[in-house]
Amino acid sequence: MRRFLYIALFAIISVSFTPNKLTTWIAIGDSITYLNDHVNETGNRVSKGYLLRVIRNVPGLQYNNKGCNGWTAAMTAEKFDELKIEKSDLFTVFLGTNDWWAGRPVGQMDDYLNNTGNGSLYGSFRIIIDKLRGLNSKANIVLITPMQRVDFVYLFDFKNRAHGSYREKNGQTLSQFADAIIAIAAHEKFPVVDLYNKSGMTLDKLVQFKRMKDPATGLYRNYKYPDFIDIPFDPATDDYPYPKGSGGYTYDGLHPSDEGNDIIAEMLTKVIKEISKK
C-alpha cells in the first residue's frame, strides 16, 4: 500500500513539473511571414523563412502559416474568420509595418482597453487578440514588432516602392507602431520579440548598398545608407536598385534576407523555449 502511494505521489509530482510542451503554432502576419512558404517570390534570394528556422530549433513544433501578402492589422482583424485559424498551443502575431505605410492611426492604449474597434492599430490588436483567446483561452500569444526598414522596391514591379522608416508617414513614425505593440504585450503580460529595438537590424545594416544613377553624371553608383536618401529613382527606366550582393539583413530594403530571418528565428526560438519551461 505504501509503495503504491509513493508511485502515485511520484506520478503527480512528475506531471506537475512536466514542461509546457508546445506542438502546434499558428503564425499570423504579413508578407514577411507569407514568404516563408513562397521563397520563389523573393527571386530565390531567400532560401528559408523564419518559421522553418524556428521549427528546426524546436523539435516537435509544427507551424501553420497564416501570413498574408500586404495585410495590415486592420485587414487581419476584419477578415480574421476568412483565415480559418484553428485552436493552437501557440499564436504569434507579426504585423504593423503595413499599417504604418498605409497611414493608419496608431491610436492610444485606451483604444485597446475600451475595445473601440478597428480604427487604429491598438483597436485592431484588441480584436485579433480577443479572437485568438476565443479559439484557446490558454494559448500562448507572442507579439512581434515590425522591423526597421529602408527604401523598398519590389523585385517584380519597380513601381511598387516605399520610403524607409527614417522618415514619417502620415505624421507617424514606425517606432510608434512598435511601441504600441510593446505596450500591448506589457499590458497583457505577453512575451514580445522586439525586432525594432533589440534585433540589431538597424537602418545602416539592412542593405549593403543601393545602386542608383548619380544625378550629376547619370552613371550608376553604389550608395550606402543614408547617402541614397532622396536620390531619384525612375521605375520606368532605371535598373533594379538592389542587385544580388547588395543585401544585408534584407534583400530589398524591407523583407528579411537569410541573415535577417536567422535573427528573427533566434529571437523567437528563445521566447518559445522559455515558454516551454513554464
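Shown above is the structure to which this text applies.
Residues numbered from 1 in each chain as written. Predicted model: local features only at pLDDT ≥ 70, side-chain atom pairs only at ≥ 80, totals over all residues. Heavy atoms only, no water.

(A) Region of interest: the overall build of the protein chain. Summing up its helical and strand segments, the protein chain has 10 helices and nine strands in all. With the C-alpha coordinates aligned to their principal axes, the bounding extent of the protein chain is approximately 95 × 40 × 30 Å. Burial analysis of the protein chain (278 residues in total) assigns 50% to the buried set. Residue pairs at least 24 apart in sequence account for 72% of intrachain contacts in the protein chain once pairs closer than 6 positions are excluded. (Helix = DSSP H or I, 4+ residues; strand = E, 2+ residues; numbered from the N terminus. Buried < 20%, exposed > 50% of the residue type's maximum accessible area, 1.4 Å probe, protein only. Contact = heavy atoms within 4.5 Å.)

(B) Up close: the pattern of salt bridges. Under the counting rule described, the total for this entry stands at 12 salt bridges. Note that R221 and D214 form a salt bridge whose closest N and O atoms lie 3.3 Å from each other. (Salt bridge = Lys/Arg side-chain N within 4 Å of Asp/Glu carboxyl O.)

(C) Quick look at the packing of aromatic side chains. Per the counting criterion, the structure on display carries nine aromatic pairs. Between F158 and F233, the ring centres sit 6.4 Å apart and the planes meet at 50 degrees, which makes this aromatic pair tilted. Placement of the pair is F158 in strand 6 (residues 157-162) and F233 in the loop between strand 9 (220-223) and helix 10 (258-277), with a sequence separation of 75 residues. Judged by its relative accessible area of 12%, F233 falls in the buried class. Aromatic side chains Y240 and Y242 sit 6.1 Å apart centroid to centroid with 75 degrees between the ring planes, which places their arrangement in the edge-to-face category. Like Y240, the residue Y242 is buried in the burial classification. Residue placement shows R126 over the ring face of Y112; its charged tip is 5.7 Å from the ring centre. When the ring centre of W101 is taken as origin, the NZ or CZ atom of K169, which lies over that ring, is 3.5 Å away. (Phe/Tyr/Trp six-rings, centres within 6.5 Å; stacked < 30°, edge-to-face > 60°. Lys NZ or Arg CZ within 6 Å of the ring centre and 35° of its normal.)

(D) Expanded view of the nonpolar core. Core analysis: the largest hydrophobic core is formed by 38 residues, its most contacted members being W25, Y50, V54, F94, L195, L268 and I272. Going through the elements one at a time, strand 1 (24-29), helix 3 (50-57), strand 3 (90-94), strand 4 (140-144) and helix 10 are the ones with two or more residues in this core. Broken down by element, this core gets its largest block of residues, seven residues, from helix 10. Those residues in contact with L195 that sit more than four places away from it in its chain are F94, I144, T145, P146, M147, M201, I264 and M267. If you look at the next biggest cluster of nonpolar residues, it comprises 33 residues, including L95, Y122, I141 and L143. (Core = buried A, V, L, I, M, F, W, Y, C linked by side-chain atoms within 4.5 Å.)

(E) Region of the structure containing the sheet that holds strand 2 (residues 62-67). Reading across the sheet, the five strands line up as 2-1-3-4-7 and stay open at both edges, with parallel pairing between neighbours. Looking along the sheet, the strands with just one partner apiece sit at the ends: strand 2 and strand 7 (192-193). Inspection of the sheet shows strand 3 paired to strand 4 by five bridges, in the parallel sense. Bridge pairing in strand 4 links T92 to V142. The strands that helix 10 touches are strand 1, strand 3, strand 4 and strand 7; relative to strand 4, the one it contacts most, it runs at about 155 degrees. (Pairing = 2+ DSSP bridges. Axes fitted to C-alpha atoms, helices over the stretch in contact; angles between N-to-C directions.)

(F) Seen up close, the pairing of strand 8 (residues 210-213). Of the two faces of strand 8, the one holding K210 and M212 is buried and the one holding R211 and K213 is not buried anywhere. Across four bridges, the pairing between strand 8 and strand 9 is antiparallel. Its bridge partner lying in strand 9, R211 is registered against N222. Between strand 8 and strand 9, which pair antiparallel and follow one another directly, the connecting turn spans six residues, one of which, G218, has a positive phi of 80 degrees.

(G) The side chain of N136, seen in detail. When you line up the elements, N136 lands in the loop between helix 7 (121-135) and strand 4. When near neighbours in sequence (up to four residues on either side) are disregarded, N136 contacts K87, S88 and D89.

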